[in-house]
Amino acid sequence: QVQLVESGGGLVQPGGSLRLTCAASGSIHSINSMAWYRQAPGKQRELVVAITNAGTPMYENSVKGRFTISRDNNKNTMYLQMNNLKPEDTAVYYCNADSVGFPRTRYWGQGTQVTVSS
């Protein structure tokens, strides 16, 4: 079992910045890759950026150059630095962790709301 808790969301003006944090607990040793997803009302949950257990990021095109993912394995924490936020970034952002082995288990946090509006 892995528990994920997101924090850092809020209301920000276009062009502003937010830093999201995902704190992992439980069977941390079972975590392989991690990722940030987001889901806007009426839309499917979509991948924002993933990060390997070695720290290699894989960004969705719309956030390249604006978002930065990082992972601190010693602190069991993942971050998402979001700069130059746009209204289309508005969504609930979810932390994801995938287990090692097969079958894969996908763990999810409860989500944190990010609203970009003037």
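Here, every reference points to the structure presented above.
Residues numbered from 1 in each chain as written. Predicted model: local features only at pLDDT ≥ 70, side-chain atom pairs only at ≥ 80, totals over all residues. Heavy atoms only, no water.

*Asks:* Looking at this structure, how should I read the overall build of the protein chain?
*Replies:* The helix and strand tally for the protein chain stands at 0 helices and 11 strands. Computed over the C-alpha atoms, the radius of gyration of the protein chain is 14 Å, within 12% of the 13 Å expected from 2.2 N^0.38 for a compact globule of 118 residues. Principal-axis analysis of the C-alpha atoms gives the protein chain an extent of 45 × 25 × 25 Å. Considering only residue pairs separated by 6 or more positions, the protein chain has 53% of its internal contacts joining residues 24 or more positions apart. About 6300 Å² of surface is accessible on the protein chain, with carbon and sulfur atoms providing 48% of the total. (Helix = DSSP H or I, 4+ residues; strand = E, 2+ residues; numbered from the N terminus. Rg over C-alpha atoms; globule rule 2.2 N^0.38 Å. Contact = heavy atoms within 4.5 Å. Areas by Shrake-Rupley, 256 points an atom, 1.4 Å probe, with all protein chains shown as cover.)

*Asks:* Which parts of the structure should I look at to understand the pattern of salt bridges?
*Replies:* A pair can form between side chains of opposite charge whenever their charged atoms are brought close. Following the criterion strictly, the structure yields 5 salt bridges and no others. In this structure, glutamate 46 engages arginine 38 in a salt bridge whose closest nitrogen and oxygen atoms are separated by 2.8 Å. Look at glutamate 46 and you get partly exposed, because its relative accessible area is 36%. Accessibility expressed as a relative area gives 7% for arginine 38, which makes it buried. Arginine 38 is the partner of aspartate 89 in a salt bridge, and the nearest nitrogen-oxygen pair spans 3.0 Å. (Salt bridge = Lys/Arg side-chain N within 4 Å of Asp/Glu carboxyl O. Buried < 20%, exposed > 50% of the residue type's maximum accessible area, 1.4 Å probe, protein only.)

*Asks:* What's the story with the nonpolar core in this structure? I'm lost.
*Replies:* A general feature of soluble globular proteins is that nonpolar side chains tend to end up buried together. Counting 28 residues, the largest nonpolar core has Leu4, Met34, Trp36, Leu80, Met82 and Tyr93 as the members making the most contacts within it. For this core, the secondary-structure elements that each account for two or more residues are strand E1 (2-7), strand E3 (18-26), strand E4 (31-39), strand E5 (46-51), strand E7 (67-72), strand E8 (77-82), strand E9 (91-99) and strand E11 (112-116). Once residues within four sequence positions are removed from consideration, methionine 82 is found in contact with Gly16, Ser17, Leu18, Leu20, Arg66, Phe67, Tyr93 and Val114. (Core = buried A, V, L, I, M, F, W, Y, C linked by side-chain atoms within 4.5 Å.)

*Asks:* Would you mind showing me how to read the sheet that holds E7 here?
*Replies:* Spatial ordering of the open sheet is given by E1-E3-E8-E7, a layout of 4 strands whose pairing is antiparallel. Unpaired on one side and paired on the other, E1 and E7 mark the two borders of the sheet. If you compare each strand with its neighbour and ignore which way they point, the axes differ by 15° on average. (Pairing = 2+ DSSP bridges. Axes fitted to C-alpha atoms, helices over the stretch in contact; angles between N-to-C directions.)

*Asks:* Looking at this model, I keep getting lost on the pairing of E5. Mind explaining?
*Replies:* Two faces, one strand: in a regular strand the side chains alternate between the faces of the sheet. As defined by bridge partners, E4 adjoins E5 across 5 bridges and the pair is classed as antiparallel. What sits directly across from tryptophan 36, in E5, is valine 49. Taking the residues between adjacent antiparallel strands as the criterion, E4 and E5 are bridged by 6 residues, where glycine 42 takes a positive phi near 75°. Between E5 and strand E6 (residues 57-59), which pair antiparallel one after the other, the connecting turn spans 5 residues, and glycine 55 there sits at a positive phi close to 100°.

Interpretation note: all reported values are geometric properties and have no functional meaning in isolation.
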